[in-house]
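Listed here are the chains, written in short residue letters.
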Amino acid sequence: VIAIENVRLFTELQEKNRALVQAHGQVTAALEQQTATSDVLRIIASSPTDIQPVFAAIAERAVRLCGARFGRVYRYDSALIHMVAAYGLRAVGLAEVHRVFPRPASDDTIAGRVISTRQPVVVRDIENEPSVPALSRRMITALETRSQVTIPMLRAGEAIGAMTLGWAEPEAFDEQQIALLRTFADQAVIAIENVRLFTELQVRNADLTQALDRQTATGEILRAISQSRTEVQ
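Being a predicted model, the structure only gives us computed values, none of them experimental.

(A) Representation of empty space enclosed by the protein within the structure. Applying the stated rule across the entire model yields one cavity of 30 Å³ or more. Approximately 60 Å³ is the volume attributed to the largest cavity. With three residues, the single largest contributor to the lining of the largest cavity is helix α5 (residues 134-142). For the lining of the largest cavity, the per-class residue count stands at six nonpolar, four polar and one charged.

Next comes the structure, spelled out in structure tokens:
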């Protein structure tokens, strides 16, 4: 009886330890995500006119948190797709990406497909995905990855860019990582909108300052006229 009870208690202890370890891992992951998103928001606040540091930080944090091999951020200017940030790309892969982009948002690349349809594209295993465009297939091969996720960056329902993460193994991501990538894509949109609004505010302030200078100048002239009725010089 003592032996049976000892085994039961030991088994319960093991199960509790496993539960504690799992809970600790979840808390740690949540803390890392919160820290990463807070870092990005801090960079956004400190870079009201320069969006490049935000893109670089988003690419790096997304790769590290999702355990990916590489990350890329694209901007779409209504005519061409530009790769504006990358993390984890080797020289060969980076050269291949630069060979492809900038280019229009057409169906010949995954990024173009995502931006034109405003829908994410998931590649679970490049070796079993015949629908992957040839240009994207060459890039994925050069990047030495098997699976990747590309999420659109949407502002008021319109695509203004996209984010891509790639993994070396097939089906190396889950729904939680896709959701996390969406969060980073949303932060990129916030950064773009923040810079746009700040730039507009600067232009408006400059216009107001110029208008005030003109008003002040004409007011001074009118005052001089009223004070010099017999002396025009």
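(B) Spatial organisation of the pattern of salt bridges. This model, assessed by the stated rule, comprises 11 salt bridges. A salt bridge links R90 to E144, with the shortest nitrogen-to-oxygen separation between them at 2.8 Å. Pair noted here: R90 is in the loop between β2 (81-87) and α3 (91-100) and E144 is in the loop between α5 and β4 (147-155), with a separation of 54 residues, a long-range link. Judged by its relative accessible area of 53%, R90 falls in the exposed class. We classify E144 as partly exposed; its relative accessible area is 43%. The closest approach of N and O atoms between R103 and D108, which form a salt bridge, is 2.9 Å. D108 gets classed as partly exposed once you look at its relative accessible area, which sits at 27%. Through salt bridges that share partners, E60, R61 and R64 make up one connected network.

The rules behind each value
Residues numbered from 1 in each chain as written. Predicted model: local features only at pLDDT ≥ 70, side-chain atom pairs only at ≥ 80, totals over all residues. Heavy atoms only, no water. 1 Å grid on protein atoms, 1.4 Å probe; cavity = no way out; pocket = protein on both sides within 12 Å on 5 of 7 lines; lining within 4 Å. Points joined across faces, edges and corners; volume = space filled by probe spheres on them. Helix = DSSP H or I, 4+ residues; strand = E, 2+ residues; numbered from the N terminus. Nonpolar A, V, L, I, M, F, W, Y, C, P; charged D, E, K, R; others polar. Salt bridge = Lys/Arg side-chain N within 4 Å of Asp/Glu carboxyl O. Buried < 20%, exposed > 50% of the residue type's maximum accessible area, 1.4 Å probe, protein only.

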